[in-house]
Amino acid sequence: EKGNYRHFMAKEIHEQPEVIARTLGHYIDVGAGSIRDDTIPVDFSEVSRLSITACGTAYYAGLVARHWFERLARLPVDLDVASEFRYRAQIHPADELPLFISQSGETADTLASLRACKAAGQRLATIVNVPTSTMAREANVVLPTLAGPEIGVASTKAFTCQLATLAALAVKAGVDRGVLTRDNARGFVDGLVEAPRAVADVLHLEAEIERIARIIAPASTALFMGRGPSMAVALEGALKLKELSYIHAEGFAAGELKHGPIALVDDTVPVIVVAPFDDLFTKTVSNMEEIAARGGRIIAVTDARGAHAIGTTAEEMIVLPDAPAFIAPLVMTIPLQLLAYYAAIINGTDVDQPRNLAKSVTVE
Ligand code: F6R
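All values reported here derive from a predicted model rather than from experimental measurement.

Q: Quick rundown of the site of the ligand? Include the residues and the values.
A: Inspection of the region around the ligand gives 14 residues, with Ser102, Gln103, Ser104, Thr107 and Glu243 positioned closest. The side chain of serine 102 places a nitrogen or oxygen atom 2.6 Å from an oxygen atom of the ligand. Between the ligand and glutamate 243 there is a distance of 2.7 Å, counted from an oxygen atom to a side-chain nitrogen or oxygen. Contact with the protein chains hides 90% of the accessible area of the ligand, taken as 410 Å² for the molecule alone. Judged by its atoms lying within 2 Å of the grid points, the ligand is housed in the largest pocket. Broken down by class, the residue content of the shell around the ligand amounts to 5 nonpolar, 7 polar and 2 charged.

Q: Let's hear about the layout of surface pockets: which residues, and what values?
A: Of the pockets and cavities examined, the largest pocket occupies roughly 590 Å³. Residue lining of the largest pocket: 28 residues in total, with Cys55, Gly56, Thr57, Lys359 and Val361 positioned closest to the centre. Every element with two or more residues in the lining of the largest pocket is listed here: α3 (56-73), β5 (96-102), α5 (108-119) and α11 (229-245). Grouping the amino acids of the lining of the largest pocket by side-chain chemistry returns 12 nonpolar, 9 polar and 7 charged. By volume, the second largest pocket is sized at about 340 Å³. Of all elements in the fold, only α3, α11 and α14 (328-347) reach the threshold of two or more residues within the lining of the second largest pocket. Per-element accounting of the lining of the second largest pocket gives the leading share, 5 residues, to α3. Taken together, the residues of the lining of the second largest pocket sort by class into 10 nonpolar, 3 polar and 4 charged.

Criteria and cut-off values
Residues numbered from 1 in each chain as written. Predicted model: local features only at pLDDT ≥ 70, side-chain atom pairs only at ≥ 80, totals over all residues. Heavy atoms only, no water. Near = heavy atom within 4 Å. Polar contact = N/O pair within 3.5 Å; in protein donor to acceptor, adjacent residues only side chain to side chain. Areas by Shrake-Rupley, 256 points an atom, 1.4 Å probe, with all protein chains shown as cover. 1 Å grid on protein atoms, 1.4 Å probe; cavity = no way out; pocket = protein on both sides within 12 Å on 5 of 7 lines; lining within 4 Å. Sits in = over half its atoms within 2 Å of the grid points. Nonpolar A, V, L, I, M, F, W, Y, C, P; charged D, E, K, R; others polar. Points joined across faces, edges and corners; volume = space filled by probe spheres on them. Helix = DSSP H or I, 4+ residues; strand = E, 2+ residues; numbered from the N terminus.

Structure follows, in structure tokens:
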């Protein structure tokens, strides 16, 4: 049921504070400020490598999480899209944990990849949203996202719940591997617990984001860029825009700007820059200046501290409430969902059922 919303997608975007909180509650003991051992039956002290495989938006969740596992747990991560992984000459080390991320738990390429690892004798884990799915049945360790049924074809709440689950998993990995002390872990857990509130605050900016979507809607190409975890958020933002509004969109690492994408920049091309005030911020601002110098129309997604430094370099800014750097990918995703949603509404496309797309890709 859509309730008071025009589309399932709008409803699902607005459900995010609640479903992220529910997902986090499953993995976090909020009172103790720690990760619950009972819901993550993985001992990361026995794992020396993580291999993450997924498709589309779920792959971008993995791309964010690679930063978390490396930084918090010093755990090396291999990452690939399932359609590539399944046909590679795979290597299955005994101390590797394969992790498959999927909303539906039925995606053909991801399932085939899971089965290949299983056939090789590996113990494997899956992050799935549909608890009765094939992947949930076949994995050894099932880490549910508690987003509830996602009806809109474009993934929104499933993605942010995947991020919440992966963040909790990375903290657990950090503790298990002796990289994080209990106190360090508590700091990250406290940050995570702030996510639902921060996401709710972003939703209050909806009218402003709708206004900014008017800049994007008439464009034939839009660029999205960021660095570090924000690069993955930029890729997800580009995917959302192309799926929903049919505007060609390309996401890339901001540091790649000079290696090609800058050739596309002119005053008809909106460039959406994901720029939280983190340790890579000044690098991203340099890239913004290069775009501004060529007449590109910058829409910066940042926070209060970032906005101050960006100043007039950007034509528009979506200024999000300050949040712990750890949860920035979760928070920064929300305005990109809304930009894509409103650009699609302005362009009159079918938001819940974009052309040519299926919710569950059960054939390759
Ligand atoms: C994008 C989107 C797709 C899916 C992909 C994987 O909005 O929904 O890119 O993320 O098809 O689907 P699951 O997560 O069901 O394996």
